[in-house]
Amino acid sequence: MRIKKIINNNILCAVDEKGNELIVTGRGIGFQRHRGEIIDTSLIEHTYRMEEKTGQRKLQELVEKIPIEHLTLTESLIEHITSQIPQKLNESLLITLADHISFAILRKAQGVEFSNPLKGSIMCYYPTEYHLGQYCLRIIREQMDVTLHEDEAAFIALHIVNAELNTNMSEMYEITKLIEDTISVVEYFYQKQFDRESLDFNRFVVHLRYFAQRLFQGKITEDAQEEQDELFHQLIMKNCKEHYKCAQCIADYIKNAYQKNLSDEELTYLTIHLKRINLGSKQ
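Our subject in this report is the structure included herewith. (Residues numbered from 1 in each chain as written. Predicted model: local features only at pLDDT ≥ 70, side-chain atom pairs only at ≥ 80, totals over all residues. Heavy atoms only, no water.)

Glancing now at the packing of aromatic side chains. According to the stated counting rule, one finds four aromatic pairs in the structure shown. Judged by centre distance (4.9 Å) and plane angle (85°), the ring pair of Phe-189 and Tyr-190 falls under edge-to-face. We classify Phe-189 as partly exposed; its relative accessible area is 23%. According to the relative accessible area criterion, Tyr-190 is buried, its value standing at 11%. (Phe/Tyr/Trp six-rings, centres within 6.5 Å; stacked < 30°, edge-to-face > 60°. Buried < 20%, exposed > 50% of the residue type's maximum accessible area, 1.4 Å probe, protein only.)

In structure tokens, the structure reads:
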């Protein structure tokens, strides 16, 4: 492993024997060293590498502007997050979360804190990720002696969901708003509030999460051509008339807000979820 760039005395950009770029850290690892020299591997404490070149470039930019302690802390937080989330997380989470946490700590030192207007929705629609955000705040307080505003748990939760869905933060806010608005349409239609803690409601929210992702990425499911799929759609329309009507109200909202048409398949699955949440709902 050779030195490609000396970032500072404790951080190097390196190239391994296969030509892969890495970020390596260690106390004094770059002191009085020069480009092209072989790295003393006994000094390496942490190694960071992104599979994509753009990610590796962003990682190098990040370590040049934030304290290495913030990156190391974030790495340990992601290890815990990964153990709690069944989905594979996008590797960019290390970059986006480290950047966010470092900036939040800096803002705290300057007496600046942001509130999150979507906190309530995030707590409701992404409970697992929100609890992980609270865990991160606790570890930051214990290890960095910095108490961040509780709304930061919601910001961290969105970063986690973003890594689950492979989206960007702007899109995540849009997805969350769509879920919130859709729930409002549903509860207005049925004139009741649903149990946010129920399994069926959680399944509905997860369905909306991936539905919204498809919508914003232009991957809305098109109508299938198979006869059996059309028969299934007709069966749902006939046996779940009220819930299908609610699904059509959702489709009208999507059409008006996003100029997108829902396929019969999308309407069918929305109807099934609407029936489920009504079977176990509280009046």
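What follows continues from the structure just given.
With that settled, consider the pairing of strand β2 (residues 11–15). In terms of residue burial, β2 counts as a mostly covered element, since four of its five residues are buried. Both strand β1 (residues 2–8) and β2 contribute to a ladder of five bridges, which runs antiparallel. Within the sheet, the bridge partner assigned to Lys-5 lies in β2 and is Cys-13. Counted along the chain from β1 to the antiparallel partner β2, the turn is two residues long. Taken together, the five bridges between β2 and strand β3 (residues 21–25) define a ladder with antiparallel strand orientation. Note that in β3 the partner of Leu-12 across the bridge is Val-24. (Helix = DSSP H or I, 4+ residues; strand = E, 2+ residues; numbered from the N terminus. Pairing = 2+ DSSP bridges.)

A separate point is helix α2 (residues 68–84). The end-to-end C-alpha separation of α2 is 25 Å, in line with the 24 Å expected for 17 residues at 1.5 Å each. For α2, the set of buried residues is Ile-68, His-70, Leu-71, Leu-73, Thr-74, Leu-77, Ile-78 and Ile-81. (Expected span 1.5 Å × (residues − 1).)

Within the element layout of this structure, Arg-209 appears in helix α8 (residues 199–216). Each C-alpha atom of the pair Arg-209 and Val-161 lies 9.6 Å from the other, and the pair is 48 residues apart in sequence. Apart from the residues lying within four places of it in its own chain, the contact partners of Arg-209 are Tyr-125, Tyr-126, Glu-129, Val-161, Glu-164, Leu-165, Ile-175 and Ile-179. (Contact = heavy atoms within 4.5 Å.)

Here the focus is unusual backbone geometry. With phi around 55°, Gln-191 is a residue other than glycine that occupies positive phi space. By relative accessible area, which is 60% here, Gln-191 ends up exposed.

Here His-100 shows up in helix α3 (residues 93–109). Residue classification places His-100 among the buried residues on the basis of a relative accessible area of 15%. Every residue in contact with His-100, bar those within four places of it in the chain, is listed here: Arg-107, Glu-152, Phe-155, Ile-156 and His-159.

This part is about the side chain of Ser-102. If you trace the backbone, Ser-102 turns up in helix α3. The exposure class of Ser-102 is buried, given its relative accessible area of 8%. Reaching out from Ser-102, the side chain makes a polar contact with the side chain of His-70 at a distance of 2.8 Å. In this structure Ser-102 touches Ile-66, Pro-67 and His-70, once residues within four positions along its chain are discounted. (Polar contact = N/O pair within 3.5 Å; in protein donor to acceptor, adjacent residues only side chain to side chain.)

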